[in-house]
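Working through the structure, step by step
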Protein chains: 2
Amino acid sequence: MSTSAASEIPSPPHVLILGGGFGGLWATRGLARADVRITLIDRTNHHLFQPLLYQVATAGLSAPDIAAPLRHILRRQRNVTVLMGEADVIDVDARRVRLRSDAGEDSFDYDYLIVATGATDAYFGHDDWEPHAPGLKTLDDALAIRRRLLSAFEAAEREDDPIARAAWLSFVVIGGGPTGVELAGTLAEIARHTLPREFRRSNPAQARIHLVEAGPRLLSAMPESLSASARRQLERLGVDVHVGLAVTAINGGGVVLGDQHPTDNAGVGRAVRIDSRCVLWAAGVAASPLGRQLDVPLDRAGRVPVQPDLSLAQHSEVFVIGDLAQLMQADGTRVPGVAPAAKQMGAYVASAIVTRLTGKTTKPFRYRDFGNLATIGRLSAVVDMGWIKLSGIIAWLFWLAAHIFFLIGFRNRIVVLLDWAWSYWSYQRNARIIVGADTPAKNDASETNDG
Amino acid sequence: MSTSAASEIPSPPHVLILGGGFGGLWATRGLARADVRITLIDRTNHHLFQPLLYQVATAGLSAPDIAAPLRHILRRQRNVTVLMGEADVIDVDARRVRLRSDAGEDSFDYDYLIVATGATDAYFGHDDWEPHAPGLKTLDDALAIRRRLLSAFEAAEREDDPIARAAWLSFVVIGGGPTGVELAGTLAEIARHTLPREFRRSNPAQARIHLVEAGPRLLSAMPESLSASARRQLERLGVDVHVGLAVTAINGGGVVLGDQHPTDNAGVGRAVRIDSRCVLWAAGVAASPLGRQLDVPLDRAGRVPVQPDLSLAQHSEVFVIGDLAQLMQADGTRVPGVAPAAKQMGAYVASAIVTRLTGKTTKPFRYRDFGNLATIGRLSAVVDMGWIKLSGIIAWLFWLAAHIFFLIGFRNRIVVLLDWAWSYWSYQRNARIIVGADTPAKNDASETNDG
């Protein structure tokens, strides 16, 4: 079904969309009534509600609670074909995309291309850290982190040596953005409230949860007052918050942190070592490597600079949206890499394509910032809506309502609500299942604990 | 905390239980009020409700719906310590068990040992078939099968070549016992009812589902009338049922079946080849390899022959229960390898240990057979209670009630009920999420599709 530009019967233009995250899915939906043929290609078979991924990683929700098959979401939209595959090569001159695998059709021509492949974890040149400090971007990541967390408590229970046991009960979360704050807060709750009565030889309540941020404060996108509130709420949960300390080494036995603001005469700064068998990475994202296929110079984070209408300067039929796009707005602010921005960009590009098909010109994209929110734990969160700032239980209720409202799929909303109601009343976590696990890793710090 | 036989303060006897399935868990619970110390060791962190495993494999339920952490189930039973680990060596003379990993304590002395490590898939000497025809024994198995099923439909949608597409839409289930019948029936429903409107290029309703049984009929443990009913119900769902055909070869491109009852003059029998990219194994179980550690001759299936009180002839302090035990009862019948038998054995051994502690002797174990049931699909099942035989919707309602009643854990029951109610009304499956997947396997029949 290769799209031929010179077919006899004029067929509607072909819009090829790479990535079924917030950007790609909102673009697809925005074209529902347009006279186009859409092909939506994603590496996975599902759209993922990424804001709740940390709940899967911390065993509060099961994977299907926060993900739904793309073809199920789009089943009634007859102008879209959903395919599972991974784009490998983009030839912007030939207007053709090649997929990685050779199973089935692997080459697609397009009239319009929307690249929405998002971001991946960045280890700032330390790719050797990855096996010891997994990131949280996909469902597979979340299940791997869940396995590692739960296995650490299991290993502590089996361990006789108090020093080795303490290392199993020491958790380090690198990165003080929303994901790091959520992970650290939830981990502290699990250790303090969910697990203690179930262990006989070790005491999960003695677990140390370290949250490490290289910058001067947590949640740097938020006002300082909310950063301070988030820190207080975390410390109340028992999290050790370290700011101004950057990671200088990670291996299977722990992390080394270096002071960012050395105060001694030699300017060397103190170094802190934390023994830990479970280090989690929430410190940085890099744009999807597919940006390199577009024949344009990328920014330092690998993002693709786009025109005000989100297209490429040299190829107006190619759009880049979501975390992969780099757009400086007229007012000098940069559009942030967050879910609402990706949705808005997706919807904008859909309407831009419809407008172009009618021969008109489009207004530039404008990001509408509805605010910023981060949850910390049970009944703890911070919300910044610009005109109003909330923290504590009110912020948490706001966060809960917003997330359930935006979660895709009727069934998911009920089940997620039920699961949450249950965790709220009981402090229990419903998905404490270790799958894909080997027995706990050996006491050899040079080994990865991947399992 | 190694158990020393010569400790100064007499401590309660140590009961070591290997395996947290139905047998091991029921034995542990049966000892709740006994003056013993219990250590329960399982390879995983959870008890699995195995009768619903096929629902996880077919994307109807999520893994946490049918599994709960053993230490959570047993949190209020203060005389038990739950450890995650895998027994490797049993020294019945020294009364000591060694665990596989060297993380933490790895050697446990016991006063009583209960071996309840169950069964695994058996490929009858064809271990090379395993990668092409995964079995269904653990949650990991179920998730691997789910990935393979869903990926096959995805690959068919991407495939242009009609022959290759037909092979992706051809599914073979080997084994006509309860698991094979459940898998084939559910697969047919998914192909006919759940998926069709969501695909644009391929038609899942054209999928062929083959169920292969070497014996003369399906569900051989049931009366012939119910076997015939099950076959009719499956055929109504669109399953191709092949009886009297045994598998002679399996590879990544399909299976070859050979006639078990050759009728031609040469006695060679016909051979049937079915092209398929998704073959599932439900044909045989072998006892856990741990039986070999017990220094007794095993039966042909690797099971351990036990005394009428489920202990070993040479070591009355060692009990073997569940699928690993081979017990011929006084009436000449053999206790079957089913969940109710494992539970009854577990409860029996617990009371036998309590009785022995009081110096009395125990009555032999007697298996109480409450009947036999198998589900086929939505509103289809067969039930054999001896005095009553049911099939169709009545049998299905009976099956549903029994399974929800027996499912462990309050939360699980509600969520499972909700999930089922939803699938019932909508024909939808709630867990259609491919995780741990690569892109669909290449068109090379020699490759495994493991992903």
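Residues numbered from 1 in each chain as written. Chains lettered and ligands numbered in written order. Predicted model: local features only at pLDDT ≥ 70, side-chain atom pairs only at ≥ 80, totals over all residues. Heavy atoms only, no water.

A word on the overall build of chain A
Selection criterion: Helix and strand definitions here come from DSSP, where helices need a minimum of 4 consecutive H or I residues and strands a minimum of 2 consecutive E residues; each element is numbered from the N-terminal end. Only protein chains enter the calculation, and the probe is 1.4 Å; a residue is then buried if its accessible area is under 20% of its type maximum, exposed if over 50%, and partly exposed in between. Only the protein chains shown count as cover for residues, and the accessible areas themselves come from Shrake-Rupley with a 1.4 Å probe.
Secondary structure assignment for chain A yields 10 helices and 24 strands. Per-residue burial for chain A yields a buried fraction of 57% across its 451 residues. Working note: accessible area of chain A is about 18,700 Å², and carbon and sulfur atoms make up 53% of it.

Quick notes on the environment of Ala339(A)
Residues and elements named next belong to chain A. Structurally, Ala 339 is set in helix 8 (residues 339-357). By relative accessible area, Ala 339 is classed as partly exposed at 23%. Along the chain, Ala 339 and Leu 290 lie 49 residues apart, while their C-alpha atoms are 19 Å from each other.

Considering the sheet that holds strand 22 (residues 372-377) of chain B
Residues and elements named next belong to chain B. Condition: At least two bridges found by DSSP between two strands is the condition for calling them paired. Orientation is described by lines fitted to C-alpha atoms, with helices fitted over the stretch in contact, and by angles between N-to-C directions that extend from 0 to 180 degrees. What makes two residues a contact is simply this: any of their non-hydrogen atoms within 4.5 Å.
Spatial ordering of the open sheet is given by 22-23-24, a layout of three strands whose pairing is antiparallel. Across the chains shown, the open sheet's two edge strands, defined by having one partner strand only, are strand 22 and strand 24 (389-391). When strand polarity is set aside, the average angle formed by the axes of neighbouring strands in this sheet is 5°. Here strand 22 runs beside strand 23 (residues 380-384); their pairing, made up of five bridges, is antiparallel. Residue pairing in the sheet places Leu 373 in a bridge with Val 383 of strand 23. The sheet contacts of helix 9 (residues 393-406) involve strand 22, strand 23 and strand 24, and relative to strand 22 the element is tilted by about 110°.

A few points about unusual backbone geometry
Backbone geometry at Arg95(A) places phi at a positive 55°, although glycine is not the residue there. One can find Arg95(A) in the loop between strand 6 (87-91) and strand 7 (96-99). A positive phi is found at Leu310(B), a non-glycine position, where the angle reads about 70°.

Notes on the pattern of salt bridges
Let me state the cut-off plainly: A pair is scored as a salt bridge if a Lys or Arg side-chain nitrogen falls within 4 Å of a carboxyl oxygen belonging to Asp or Glu.
All chains considered together, the criterion is met by 32 salt bridges over all chains. Across the pair Glu157(B) and Arg71(A) runs a salt bridge, and its minimum N-O distance is 3.9 Å. Remark: Arg71(A) occurs in helix 3 (residues 70-73) and Glu157(B) occurs in helix 4 (residues 139-158); the pair is interchain, linking two chains. On the basis of relative accessible area, Glu157(B) is assigned to the buried category, the value being 0%. Across the salt bridge formed by Asp240(A) and Arg208(A), the nearest N and O atoms sit 2.8 Å from each other. Here the residue Asp240(A) occupies a position in strand 13 (residues 239-243), and Arg208(A) occupies one in strand 12 (residues 208-213), the gap between them amounting to 32 residues. Overall, Asp240(A) belongs to the partly exposed group, its relative accessible area being 23%. You can call Arg208(A) partly exposed: its relative accessible area is 46%. When salt bridges that share partners are traced, they join Arg43(A), Glu86(A), Asp88(A), Arg98(A) and Arg100(A) into one network.

Remarks on the packing of aromatic side chains
In plain terms, the rule: When two rings of Phe, Tyr or Trp (its six-membered ring) have centres within 6.5 Å they constitute a pair, described as stacked for plane angles under 30 degrees, edge-to-face for angles over 60, and tilted for the intermediate range. Consider the ring centre and the ring normal. A charge sits over the ring if Lys NZ or Arg CZ is within 6 Å of that centre and within 35 degrees of that normal.
Counted under the stated rule, the structure contains 16 aromatic pairs over all chains. Between Phe22(A) and Phe49(A) the ring centres are 6.0 Å apart and the planes differ by 80°, which places this aromatic pair in the edge-to-face class. Separated by 27 residues along the polypeptide, Phe22(A) in helix 1 (residues 22-30) and Phe49(A) in the loop between strand 3 (46-48) and helix 2 (53-57) bring together distant segments of the chain. Classification of Phe22(A) by relative accessible area gives buried; the value is 8%. Ring-pair connections join several aromatic residues into one group, and the members of that group are Tyr123(A), Phe124(A), Trp129(A) and Trp281(A). The ring of Trp26(B) carries the charged tip of Arg29(B) above its face, separated from the ring centre by 5.1 Å.

Description of helix 8 of chain A
Residues and elements named next belong to chain A. The condition is simple: Any helix carries an expected span of 1.5 Å times its number of residues minus one.
Look at helix 8: 27 Å from first C-alpha to last across 19 residues, which is about the 27 Å you get at 1.5 Å a residue. If you check which residues of helix 8 are buried, you get Ala 341, Ala 342, Lys 343, Gln 344, Met 345, Gly 346, Tyr 348, Val 349, Ala 350, Ala 352 and Ile 353. Immediately beyond the C-terminal end of helix 8, within one or two residues, lies Gly 359, with a positive phi of roughly 85°.

Let's talk about the environment of Ala94(B)
As for its position among the elements, Ala94(B) is in the loop between strand 6 (87-91) and strand 7 (96-99). Distance from Ala94(B) to Thr28(B), taken between C-alpha atoms, is 23 Å for residues 66 residues apart in sequence.

A word on the sheet that holds strand 11 (residues 170-174) of chain A
Residue and element names in this part refer to chain A. With parallel pairing, the four strands of this open sheet are ordered in space as 13-12-11-17. Of all the strands in the sheet, the pair left with one neighbour each is strand 13 and strand 17 (278-281). Taken over all neighbouring pairs, the strand axes of this sheet differ in orientation by 20° on average, direction set aside. The pairing of strand 11 with strand 12 spans five bridges and is parallel. Looking at strand 12, one finds that Val 172 is bridged to His 210. Where helix 4 (residues 139-158) meets the sheet, it contacts strand 11 and strand 17, and its direction lies at approximately 155° from that of strand 17. Relative to the sheet, helix 7 (residues 224-237) contacts strand 12 and strand 13, its axis offset from that of strand 13 by approximately 140°.

Considering the environment of Arg75(B)
As for its placement among the helices and strands, Arg75(B) is situated in the loop between helix 3 (70-73) and strand 5 (80-84). What Arg75(B) contacts, discounting residues up to four positions off in sequence, is Arg197(A), Glu198(A) and Arg200(A).

What to know about the confidence of the model for chain A
Residue and element names in this part refer to chain A. Keep this limit in mind: Across the chain, each position has a pLDDT score giving the predictor's confidence in that residue, from 0 to 100.
Per-chain confidence: chain A averages 87 in pLDDT, with 87% of residues scoring 70 or above. Confidence drops under a pLDDT of 50 for residues 1-7, and excluding neighbours within four residues, the segment shows nine contacts in the predicted structure. ipTM for the predicted complex: 0.88, alongside a pTM of 0.89.

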